[in-house]
Structures are given as C-alpha cells and as structure tokens.
Amino acid sequence: MAVRPILTYPDPRLKVVAGDVANLDGRIAALCDDMAETMYAAPGIGLAATQVGDPSRVIVLDVHSKEEGPGKHLLKLVNPVIAEREGEAAFEEGCLSVPDFTAEVKRANRILLRAWTPDEKEIELEADGLFAVAIQHELDHLDGKLFIDRISRLKRDLYRARQRKLDRQGRPPSSGRTSHVI
Ligand SMILES: [Zn+2]
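Here the structure is a predicted model, which is why all the values come from computation and not from measurement. (Residues numbered from 1 in each chain as written. Predicted model: local features only at pLDDT ≥ 70, side-chain atom pairs only at ≥ 80, totals over all residues. Heavy atoms only, no water.)

**Comments concerning the pairing of strand E3 (residues 75-86)**
The criterion, for reference: Note: two strands are recorded as paired if DSSP finds a minimum of 2 bridges between them. Here a strand is any run of E in DSSP of at least two residues, a helix any run of H or I of at least four, and the numbering for each starts at the N terminus.
As paired elements, strand E2 (residues 58-61) and E3 share four bridges and run antiparallel to each other. The partner of Ile 59 across the bridge, within E3, is Leu 77. Relative to strand E6 (residues 110-116), E3 runs antiparallel, the two being bridged by six bridges. Paired with Arg 85 across the two strands is Ile 111, which belongs to E6.

Structure, rendered in structure tokens:
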C-alpha cells in the first residue's frame, strides 16, 4: 500500500470523466488499497480515483473514521451508480482537491446505490445524510466535477481570486477544518 499524491484544483485531470472498470483484477485491488491509505492520511472521509489521477470509476469512503477509527466502516466501491435519489440535504463541504475552501452544497438526502466491491460482489446500499452526500460528492469526481461547480458563480469567483492571491503571496499553513472534507 502507498499514499498517492492528491491532485488539486485547477489540475486538468480533475475534469476527466472516468471510465467503467471492466476487470476486477489486482490493479483495481491495489488502487483501492492505496486510495484508502491516501484518504486516511489526508485525512478525508472519501476519495475518488480521479483525485489520484486514475480515470477508473472507483471510490473509497469512511464517513465514521473520525469517531470510530480508520478501517471499520471502509467501503471500496467500483462502478458505483445511483439508482434512486430523494429529498434534499445541505452540508458544508470541503474537498481534498480544493484546499482551504468550504461551501454549502445542496444534494439529495437519500440515495440508493448499486456498485461492485473489488472482490466481485455486487452490492446495493441505502444512504442518507452525510453518507449520502459523501457518495454524491465522490460520484461527481468520477464525472469530472468539483463541488465548486455546484455553487454560485460569485462564490466560485471569490475562491479563484483568493487562490490566485495565495499563489502570488505564498500559502499560509491551513487552519483547522470544521467542515466535511470529502
Ligand atoms: Zn472531493
């Protein structure tokens, strides 16, 4: 297992639409293991393969790692598809690929997800609240979208202007996080 570098905005590889995985082979198993290690090291509660520069439809999630420690609720999902969505939820989101910025994003509150595990089991799971939001955030990554694509243009422009300023002046060390870094 290895921690892989996480791409950050505006890396063009974050805009790549990932392709379905055709073979659940050793490469995908290793990718999942590396992604889990990378997510815990960051730390974050979810990571998409897109964020480590691999255009495969693979995500890892552990929305309980903060309270219950890493590993207990780890999910490795291949070719995930949202079959149903309902309701609306708004969470303050952050993203490992969009450093030092958070914003409230509206998403479905409940989803039904179908996916494969790296050991070839087809699974279906229901998620709500933060768990549902994290899954939707990761699926956006697989479609080449960031959460800042889902907020108002004004807020996005403010973020870009601030990033340009930081790039000129140098970045201060990032402060403590209060939002959900997905
Ligand atoms: Zn993200």
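**Looking at the sheet that holds E2**
Operational definition: Angles here are taken between N-to-C directions and fall from 0 to 180 degrees, while the axes themselves are lines fitted to C-alpha atoms, restricted in helices to the stretch in contact.
What the five strands build is an open sheet, ordered E1-E2-E3-E6-E7; its pairing is antiparallel. Both edges of this open sheet fall to strand E1 (46-48) and strand E7 (122-128), since each of them pairs with a single strand only. Direction aside, neighbouring strands of the sheet carry axes that sit 40° apart on average. Two strands pair when backbone bridges link them, and E6 and E7 are joined in this way by seven bridges, in the antiparallel orientation.

**Observations concerning the nonpolar core**
Formally: Nonpolar cores are built from buried Ala, Val, Leu, Ile, Met, Phe, Trp, Tyr and Cys residues. Side-chain atoms within 4.5 Å join them into one set. Burial classification: accessible surface area is computed with a 1.4 Å probe over protein chains only, and a residue below 20% of its type maximum counts as buried, one above 50% as exposed, and the rest as partly exposed. The contact rule is simple, with two residues in contact once any of their heavy atoms fall within 4.5 Å.
Within the largest apolar cluster, 23 residues are counted, with the highest numbers of intra-cluster contacts made by Ile 59, Ile 111, Leu 113 and Ile 135. Elements with a minimum of two residues in this core: E2, E3, E6, E7 and helix H3 (129-142). Broken down by element, this core gets its largest block of residues, seven residues, from H3. With residues up to four places along the chain from it excluded, the contact list for Leu 113 reads Leu 77, Pro 80, Val 81, Ile 82, Ile 123, Glu 124, Leu 125, Ile 135 and Leu 139. Listed in part, the 14 residues of the second largest apolar core include Leu 31, Cys 32, Met 35 and Ala 49.

**Comments concerning the state of the cysteines**
Put plainly, a disulfide is one covalent bond tying together the sulfur atoms of two cysteines. Spelled out, the test is: The criterion for a disulfide is a pair of cysteine sulfur atoms lying within 2.5 Å.
Applying the stated criterion across every chain yields a total of zero disulfides. Of all cysteine sulfurs in the structure, the one in Cys 95 sits closest to Cys 32, which takes part in no disulfide; the separation is 18 Å.

**Digging into H3**
Side chains of residues three or four places apart in an α-helix project in the same direction, reflecting 3.6 residues per turn. Condition: In this analysis, the expected span of each helix is defined as 1.5 Å times one less than the number of residues it contains.
Under the 1.5 Å per step criterion, the end-to-end length of H3 is 21 Å for 14 residues, consistent within 8% with the ideal 20 Å. Just past H3, the residue Gly 144 takes up positive phi, approximately 75°.

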